[in-house]
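Residue-level structural notes
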Amino acid sequence: MIRKIAYILFTILFLAACTDEPVETVFFDLDTENGVFISCEGNFMYGNASLSFYNYKTKSVQNDLFYARNNVPLGDVAQSMYLNGNSLFLVANNSGKIYVIDPKTAAFKGAITGLTSPRYILFITEEKAYISDLYAHHITVFNPSTLEKTGQIDLSEEHTSEQMAKVGNYVYISSWSYDNKILVIDSEKDELIDEIEVPLQPKDLKVDKNGKLWIFSDGGFEGSSAGNEQPALTRVDPETFTVEKILRFEDDSNPYDLELNNTQDTLYFINQGVCKMAVESKTLPDSAFISGADKLFYSLGLNPNNNEIYVSDAIDYTQDAIIYRYSQSGVLNDSFKVGVNPSDFLFR
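In what follows, the accompanying structure is described.

Conventions adopted
Sequence order as written defines residue numbering, which begins from 1 separately in each chain. Only residues with pLDDT of at least 70 are given local features in this predicted model, and only at 80 or more are side-chain atom pairs given and counted; all residues enter the totals for whole chains, interfaces and linings. The side-chain quantities take in all heavy atoms of the structure and omit both hydrogens and water. Here a helix means four or more residues in a row that DSSP labels H or I, a strand means two or more in a row labelled E, and each is numbered from the N terminus. Throughout, the radius of gyration refers to the C-alpha atoms, and the reference size of a globule is 2.2 Å times the residue count to the power 0.38. Any pair of residues with heavy atoms lying within 4.5 Å of one another is described as a contacting pair. Reported accessibility uses the Shrake-Rupley method at a 1.4 Å probe radius. Residues are deemed covered only where the shown protein chains occlude them. A positive count includes Lys and Arg, and a negative count includes Asp and Glu. His and the chain ends are not counted in either. By convention, the charge on Lys lies at NZ, on Arg at CZ, on Asp at CG and on Glu at CD. Summary of the burial criterion: residues with accessible area below 20% of their type's maximum are buried, those above 50% are exposed, and those between are partly exposed, where the area comes from a 1.4 Å probe applied to protein chains only. Here, strands pair whenever DSSP counts at least two bridges between them. For this analysis, a ring pair means two rings from Phe, Tyr or Trp (six-membered ring only for Trp) whose centres lie within 6.5 Å, classed as stacked if their planes differ by under 30 degrees, edge-to-face if by over 60, and tilted for the remaining angles. The working definition used for a salt bridge is a side-chain nitrogen of Lys or Arg within 4 Å of a carboxyl oxygen of Asp or Glu. Under this scheme, a helix contributes an axis fitted over its contacting stretch, all axes are lines through C-alpha atoms, and angles between N-to-C directions fall in the 0 to 180 degree range.

When helices and strands are tallied, the chain shows two helices and 28 strands. A globule of 348 residues ought to have a C-alpha radius of gyration of about 20 Å, and the chain, at 20 Å, matches this closely. Along the longest, intermediate and shortest principal axes, the C-alpha atoms of the chain span 65 × 45 × 40 Å. In the chain, of all internal contacts separated by at least 6 residues, the share reaching a separation of at least 24 is 43%. Surface exposure of the chain reaches about 16100 Å², of which carbon and sulfur atoms provide 47%. Within the chain, the 49 negative side-chain charges are centred at a point lying 5 Å from the centre of the 27 positive side-chain charges.

Here you go:
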């Protein structure tokens, strides 16, 4: 009998997770100002993604906001999130959809569905935004106000799309999966106009105070059909589409999650701890700024208001993670638990 009841409950939750819209909204007040939203991937194919909010004034955390407010799970792999006007966009990668909620209440407002494997969003104007996709060979164009898909930008069959950054009228897109190209899109014409070759598997993109583009490449993996090389940090001049500098990491390095401080003059990333380097530096840092010993650092975020550093410890990738909050000088201020595999931070 117990097994039968458990099966029925599982079926109800599964069917709810498969619907296009959450149902039976639960109304209650949320304090989602003066803090940070944290999206948690969950585990691939488990449908246990979640959304948390941490108030750094009260040092309190609210977990499972999306489920608590809308009575339905967030989906499978929460990849990234964005605040645009009065809407918070939550990208559910393996679910192939983007949820839109009210950032003050977490109440469901709408969704963009029918996507292959959405990864990131870049807002171009009030009426146009791009969605990158891991497996589709195009960029989806949509209207952020109406959530209507309005077109697509075709890429070659050799390219997919990952992170995006805009400089002037051009959008630069990393083609990460088995590729070594930064794609250049003319955002006025919505056309692919050029490609920039960089070290293998470029992923993270950031634009510094000088307007230079910084790219993290993971170098692939041993046995990959695309090859395998040392991870690299590359600087590109976005005006001339030329590579200006390539800094190679050691063979045993695994750098990821590139971030910038609020003055855009210092890069931060994870590599056996949290590292930082000035954008004017000619060499990579020798050691971590914040030690990652006995921790499994997974994602990184910098509060643009005060440069406080938030870094997640995934522990073992299956249990609720810990977020560590450090001052900009590296002093631990607080720690708290969220969901499984935190992926992104959005500060209010």
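This part covers the pairing of strand S18 (residues 232–237). For S18, the buried fraction is high: six of the six residues fall into the buried class. Neither face of S18 is open: one carries Ala232, Thr234 and Val236, the other Leu233, Arg235 and Asp237, and all of them are buried. In the sheet, S18 pairs with strand S19 (residues 242–248) via six bridges, with the strands oriented antiparallel. When the bridges of S19 are listed, valine 236 appears paired with valine 243.

Another aspect to go through is the packing of aromatic side chains. Going through the model one piece at a time under the given rule, you end up with 19 aromatic pairs. A ring pair is formed by phenylalanine 37 and phenylalanine 53, whose centres lie 4.8 Å apart and whose planes are at 65°; its orientation type is edge-to-face. You can see phenylalanine 37 sitting in strand S1 (residues 35–40) and its partner phenylalanine 53 sitting in strand S2 (residues 50–55), a full 16 residues away along the chain. Taking relative accessible area as the criterion, phenylalanine 53 reaches 1% and is therefore assigned buried.

A word on the pattern of salt bridges. Per the counting criterion, the structure on display carries nine salt bridges. In this structure, glutamate 162 and arginine 119 form a salt bridge, with 2.9 Å as the shortest nitrogen-oxygen distance. Within this pair, whereas glutamate 162 is found in the loop between strand S11 (149–154) and strand S12 (164–167), its partner arginine 119 is found in strand S8 (residues 118–125), the two being separated by 43 residues in sequence. The same class applies to glutamate 162 and to arginine 119, which are both buried. Between glutamate 244 and lysine 212 there is a salt bridge, with its nearest N and O atoms 3.0 Å apart. Taken together, the positions of glutamate 244 in strand S19 and lysine 212 in the loop between strand S16 (202–207) and strand S17 (213–217) put the pair 32 residues apart, joining distant regions of the chain.

Let us now look at the sheet that holds strand S5 (residues 87–92). Here four strands make up an open sheet; going across it, the order is S4-S5-S6-S7 and the pairing antiparallel. For this open sheet the edge positions go to strand S4 (78–84) and strand S7 (108–112), each flanked by a neighbour on one side alone. For this sheet the average axis-to-axis angle between neighbouring strands, irrespective of direction, equals 20°. Alignment of S5 against strand S6 (residues 97–101), held across five bridges, turns out to be antiparallel.

A word on unusual backbone geometry. Excluding glycine, residues mostly have negative phi values, and the peptide bonds linking residues are mostly trans. Despite not being glycine, aspartate 64 shows a phi value in the positive range, around 55°. The topology assignment puts aspartate 64 in the loop between strand S3 (60–62) and helix H2 (65–70). Exposure remark for aspartate 64: the relative accessible area of 43% places this residue in the partly exposed category.

Strand order across the open sheet formed by four strands is S12-S13-S14-S15, with antiparallel pairing between neighbours. In this open sheet, the two strands that pair with only one neighbour each are S12 and strand S15 (191–197). This sheet shows a mean twist of 25° between the axes of neighbouring strands, independent of strand direction. In terms of strand pairing, strand S13 (residues 170–175) meets strand S14 (residues 181–186) through six bridges, oriented antiparallel. Looking at the pairing, isoleucine 173 lines up with leucine 183 of S14.

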